[in-house]
Amino acid sequence: MEERTKAYKYNEVRSKGGDKVGVPTKNLQLKGCKTNTINTTAYVQILGTGMDTHDTLPSVLLFFDNQRFIFNVGEGFQRYCSEHKIKLSKIDHICLSRVCSETVGGLPGLLLTLAGMGEGMSVNIWGPSDLKLLVDAMKSFIPHAAMVHTHLISHADMDHTGSFPVAPHSNAVKISAILLQPSCQEGYDRKPIDTSVMYVCELPEIMGKFNAEKAKALGLTVKTKYKELTQGKSVKSDSLDIMVHPSDVIGPSIPGPIVIIIDCPTNSHAEELLATQSLSAYYSELMGSSSECTKTVNCIIHLTPPSVVRSSSYEKWMNFFKSAQHIMAGHATKNMEIPILKSSTIMAARLNYLCPQFFPFPAFWSLQQKNSSPTGSMVSSESPISPPYKSTISENLLKFTLRPHSQLGLDKSNVPSLVSPSEIIDELLLEVPEIVDAVQQVSQIWHKPAGTADDLTAMEDGAVVFQKPHMDRIHSPIFLKNIRRDDLEIVFLGTGSSQPSKYRNVTSIYIDLFSKGSMLLDCGEGTLAQLRRRFGMEGADSAVRNLRCIWISHIHADHHAGVARILALRHDLLKGVPHEQLLVIGPVQLEQFLDAYQKLEDLDMCFLDCRKTMAASWDALECEIDSNLDQLFSQVPKKVEDVNNKIMQSMGTSTSFVAETCLHSGGSKKIKLSIPVESEASPLLKKLKVVLREAGLDRLISFRVVHCPEAFGVVLKSAERINSVGEVLPGWKLVYSGDTRPCPEVIEASLGATILIHEATFEDCMVGEAIAKNHSTTKEAIEVGDSADAYRTILTHFSQRYPKIPVLDEVSMKKTCIAFDLMSINIADLPMLPSVLPYLKLLFRKDMILDNLDDV
């Protein structure tokens, strides 16, 4: 089983009443609802999920003393909540504006977390009827107990006002859901994700102040009658022959504030928005303020993209709410300059200061420098709308206070400020003054021959111990001879296990083959955001466009929950451009999820089972090829072109291929050919063969590992190279273990590997836990690399109990290093990799001491 923290255990959710999947429920057991009470604190707050990377729509928190409503759960939601101390256990309702990868990418992981928080949790999910498609898709990897209560909003269930009541038993707020679909156009093919839901949130009014002096003047002496009047009842005067009505002694009530949350994704939706009659009761400025049937809207949160906000239809609709505070939260570009994950940002800055070769400058700081004025102040983005509207571009943690009434309005007190790299480094120098010398020594590693610089290898009671570095560039293996920097780079997008944390995202590895394309090995939640933090917006989009394939090790959510978002983005980026479907390789359960999810969004992919990429399948393919060649060479043609033509004709394809070698005169040898990829036996495997060849790779081989059913590791082999003097050099070999116990299969696959990336979930003293969870300890992972004689072993997939750096016991680290999020390792720098580890231990010396104290 996957190693899970308490929040990720598959505990059964027991709640009274209601169906678990896809059916509106009755008799909901809601937490914390008190009758006849007014919340003393209430606000709406923008949660910056995706707001610094634009990979998802922002989430919105509607907060009350005893209830929490979350609107949209994009990827990274849990990580954001961890960073900003937002308690997931307090969430009562999840409301979705749409069902697509932008709005629900973080839902699978969140459901697993909430399901593991113990008995009695009763979380309700509300969304358009397409939500059932998502629920059905998630059944392939999420236990039934984690599905909680799902409520489908459809036209058939609307009331007479054209709206759907959300959380109808809540005394804190009345929420009405209004469906919004694109206007009907001839030839328009409506998709499930086109349905959007607008939420109107109305707080109860506050009763006016009771005037005791007026009550006495009207002859009321019995105090119990005061209570009856506050409850809206009329009472008889004690000394006068009159009836006293509530309005006689109670001042005018204060209307409850109203908030609208709107996600209008296209101009076509905006046109339909104008015709929506369900909102007419809120158009007070259109109908006239004297109308008794209208209500005043205080705040509108726009999840609508700027391009739609600027449309004439949308502006006309906004004109109905001139006095409302408009918060523009739909991908406000200025927020990219301010990272939402401050903890990991500080960590990235420190790592970059120590070793920029392995830890490049984060993309958002480049954006800060680009947009900074000469005085150092930021150049703010323009608002997509202009006066007479009261508008503001949303920032992370921006609040609009609803209660108390005296504080009604915007609250920017929690909005984060810019994070300056220089401030971070100044603090580091005070904390670890030795780091200055360490930075100089790390720099020398790239400029001096092996053995000329000292190296830090251990710390005892804060002391630094030096010895010669573990590096041998003089005797580097032959596959690194004349290696080019544009051959291979490995970027670790996530290095944590189970669920995202402040410092480590869940598993994903980006294989950059530069001009030959790229690949992803696993794709946990938040992979796209990490790509954008590493490469910037344009660089990440380019990386997604150039993907050759995605390989997934197993069906646990921390390894595949980001796939749909990547595929959906790639489809959008390549719209109108001739391209092939992206090949996704993974366990069969992943195919079930993606096939079901494609009913929501076009993922533009084809799926290949990992079992079909094992060594036996490749051997069978080679046998098939040899058989075809034997038939062709029974009558040897005179020209190589004839061979190509006959092969193409026999395989039924028009693809052009060229022979790689020539016939020897008198030839008895077979020609080595790049053969086409069409066969009834394994068409997708042959497609993979073409994909690999175009990427400069010779083979991708999956192998079984010991973790859960259908869990795999993978081997990537590059093609042979010919150097400038005609020497044939073997290609590099990269092995990724996936999640596994140490096993012979990994050792066999890793024999002679250039790079072994191995999971190391637990520290060495937790071997019992590792066995129980089918994971590896640090020492076990290193021993696997040593047994296979791998040139370099890189450890990853650390338990979130080690937030910054894992516990490293005194084991041989001469060929080993540990991975961090956004760490980028170029194949040309492999000889220097182990030399950096001791300096990393120095950088995190304080954290390692604290960890040791916690264990005492």
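Student: Sorry, what's going on with the pattern of salt bridges here?
Tutor: Should the charged atoms of two oppositely charged side chains come close, the side chains can pair. Here the structure, examined in full by the defined rule, presents 26 salt bridges. For the salt bridge of Arg 98 with Asp 263, the shortest nitrogen-to-oxygen distance reads 2.7 Å. Here the residue Arg 98 occupies a position in the loop between strand E4 (93-95) and helix H2 (101-104), and Asp 263 occupies one in the loop between strand E12 (258-262) and helix H8 (267-274), the gap between them amounting to 165 residues. For Glu 489, the salt bridge goes to Arg 534, with nearest N and O atoms at 3.7 Å. Of this pair, Glu 489 sits in strand E20 (residues 489-494) while Arg 534 sits in helix H16 (residues 527-545); the two residues are 45 residues apart in sequence, bridging distant segments of the chain. Grouping residues by exposure puts Glu 489 and Arg 534 together as buried. Sharing partners across several salt bridges, the network here consists of Asp 609, Arg 611, Arg 704 and Glu 710.

Student: Would you explain unusual backbone geometry in this entry?
Tutor: One can expect most non-glycine residues to show negative phi and most peptide bonds to be in trans. Cis geometry is found at the peptide bond from Arg 403 to Pro 404, where omega equals 0°. Here Pro 404 lies in the loop between strand E16 (399-403) and strand E17 (409-411). Of note in the backbone geometry, Ala 167 takes a positive phi value of approximately 50° without being a glycine. With respect to the helices and strands, the residue Ala 167 is situated in the loop between strand E7 (164-166) and strand E8 (174-180). For Ala 167, a relative accessible area of 2% puts it in the buried group. The backbone phi angle of Phe 514 is positive, close to 60°, even though this residue is not glycine.

Student: I tried to follow helix H25 (residues 778-787) on my own but got confused; where do I start?
Tutor: The α-helix winds at 3.6 residues per turn, so residues separated by three or four positions along the chain end up facing the same way. Listing the buried residues of H25 in full gives Thr 778, Glu 780, Ala 781, Ile 782, Val 784 and Gly 785. Contacts made by the buried residues of H25 are with helix H23 (744-750), strand E31 (755-759), helix H24 (767-773), strand E32 (792-796) and strand E33 (816-818). Immediately beyond the C-terminal end of H25, within one or two residues, lies Asp 789, with a positive phi of roughly 55°.

Student: Could you clarify how one ought to interpret the side chain of Asp 829 in this entry?
Tutor: Mapped onto the elements of the fold, Asp 829 is located in the loop between strand E34 (824-826) and helix H26 (833-843). Of the polar contacts made by the side chain of Asp 829, one reaches the side chain of Trp 446; its length is 3.0 Å. If we skip the residues at most four places from it in the chain, Asp 829 touches Phe 358, Trp 446 and Arg 485.

Student: Is there a simple way to explain the confidence of the model for the protein chain in this structure?
Tutor: It should be kept in mind that the predicted coordinates are not to be read in detail where pLDDT is low. The predicted model of the protein chain averages 81 in pLDDT, with 77% of residues at 70 or higher. Across residues 1-37, where pLDDT falls below 50, the model places 119 contacts with residues more than four positions away in sequence or in other chains. Throughout residues 650-681 the model reports pLDDT below 50, and contacts reaching past four residues in sequence, or to other chains, amount to 60 contacts.

Student: So what exactly am I meant to see when it comes to helix H18 (residues 563-573) here?
Tutor: Most of H18 sits inside the fold, with 9 of its 11 residues counted as buried. Along H18, the positions that sit buried rather than exposed are Val 563, Ala 564, Arg 565, Ile 566, Leu 567, Ala 568, Leu 569, Arg 570 and His 571.

Student: So what exactly am I meant to see when it comes to the packing of helix H12 (residues 342-354) against helix H14 (residues 421-431) here?
Tutor: The relative placement of two packed helices comes down to the angle between their axes together with the axis-to-axis distance. Running from N to C, H12 and H14 cross one another at 70°; their axes reach a closest spacing of 10 Å. As judged from the angle between their axes, H12 and H14 are roughly perpendicular. Across the interface between the two elements, Thr 345, Ile 346, Ala 349, Arg 350 and Tyr 353 from H12 touch Ile 424, Ile 425, Glu 427, Leu 428, Leu 429 and Glu 431 from H14. Classifying every residue of the contact of H12 with H14 by side-chain character gives 7 nonpolar, 1 polar and 3 charged.

Student: When you look at the sheet that holds strand E2 (residues 59-64) in this model, what are you seeing that I'm missing?
Tutor: By definition, the strands of a sheet pair up through backbone hydrogen bonds, in either a parallel or an antiparallel sense. Across the sheet, which stays open at both edges, the 8 strands sit in the order E6-E5-E4-E3-E2-E1-E16-E17 with mixed pairing between neighbours. Unpaired on one side and paired on the other, strand E6 (149-153) and E17 mark the two borders of the sheet. Ignoring which end each strand starts from, the neighbouring axes of this sheet average 25° apart.

Student: Would you mind going over the environment of Cys 610 with me for this structure?
Tutor: Along the chain, Cys 610 turns up in the loop between strand E25 (605-609) and helix H20 (615-633). When the C-alpha atoms of Cys 610 and Trp 551 are compared, they prove to be 8.3 Å apart, with 59 residues separating the residues in sequence.

Student: Please clarify how the packing of aromatic side chains should be interpreted in this entry.
Tutor: Each aromatic ring pair is summarised here by two numbers: the centre-to-centre distance and the angle between the ring planes. Per the stated rule, a full pass over the model turns up 16 aromatic pairs. When the centroid spacing of 6.2 Å and the interplanar angle of 85° are considered together, the rings of Phe 64 and Phe 69 count as edge-to-face. Here the two residues Phe 64 and Phe 69 agree in accessibility, since each one is buried. The interplanar angle of 15° and the centroid separation of 5.5 Å between the aromatic rings of Phe 820 and Phe 844 together place this pair among those described as stacked. Taken as a pair, Phe 820 in the loop between E33 and E34 and Phe 844 in the loop between H26 and helix H27 (845-855) lie far apart in primary sequence, 24 residues in all. The exposure class assigned to Phe 820 is buried, which follows from its relative accessible area of 0%. Residue classification places Phe 844 among the buried residues on the basis of a relative accessible area of 4%. Feature note: the residues Tyr 283, Tyr 314, Trp 317, Phe 320 and Phe 321 constitute an aromatic cluster, connected by ring pairs. The ring of Tyr 43 has Lys 399 sitting right over it, with the charged end atom 4.1 Å from the ring centre. Residue placement shows Arg 792 over the ring face of Tyr 791; its charged tip is 4.0 Å from the ring centre.

Student: How should I be thinking about the state of the cysteines in this particular structure?
Tutor: Scanning the entire structure with this criterion turns up 0 disulfides. Here Cys 95 stays free of any disulfide, with the sulfur of Cys 201 as its closest cysteine sulfur at 7.5 Å.

Student: How do you make sense of the nonpolar core when you look at a structure like this?
Tutor: In globular proteins that are soluble, nonpolar side chains generally tend to be buried together. By size, the foremost hydrophobic cluster in this structure holds 92 residues, and its most contacted members are Leu 354, Ile 511, Leu 700, Leu 734 and Leu 840. With 7 residues, the top contributor of residues to this core is H26. Of all hydrophobic cores here, the second largest spans 70 residues; its members include Ile 70, Cys 100, Met 138 and Leu 567.

Each value, and the rule that gives it
- Residues numbered from 1 in each chain as written.
- Predicted model: local features only at pLDDT ≥ 70, side-chain atom pairs only at ≥ 80, totals over all residues.
- Heavy atoms only, no water.
- Salt bridge = Lys/Arg side-chain N within 4 Å of Asp/Glu carboxyl O.
- Helix = DSSP H or I, 4+ residues; strand = E, 2+ residues; numbered from the N terminus.
- Buried < 20%, exposed > 50% of the residue type's maximum accessible area, 1.4 Å probe, protein only.
- Contact = heavy atoms within 4.5 Å.
- Polar contact = N/O pair within 3.5 Å; in protein donor to acceptor, adjacent residues only side chain to side chain.
- pLDDT = per-residue confidence, 0-100.
- Axes fitted to C-alpha atoms, helices over the stretch in contact; angles between N-to-C directions.
- Parallel < 35°, antiparallel > 145°, perpendicular 65-115°, else oblique.
- Nonpolar A, V, L, I, M, F, W, Y, C, P; charged D, E, K, R; others polar.
- Pairing = 2+ DSSP bridges.
- Phe/Tyr/Trp six-rings, centres within 6.5 Å; stacked < 30°, edge-to-face > 60°.
- Lys NZ or Arg CZ within 6 Å of the ring centre and 35° of its normal.
- Disulfide = S-S within 2.5 Å.
- Core = buried A, V, L, I, M, F, W, Y, C linked by side-chain atoms within 4.5 Å.

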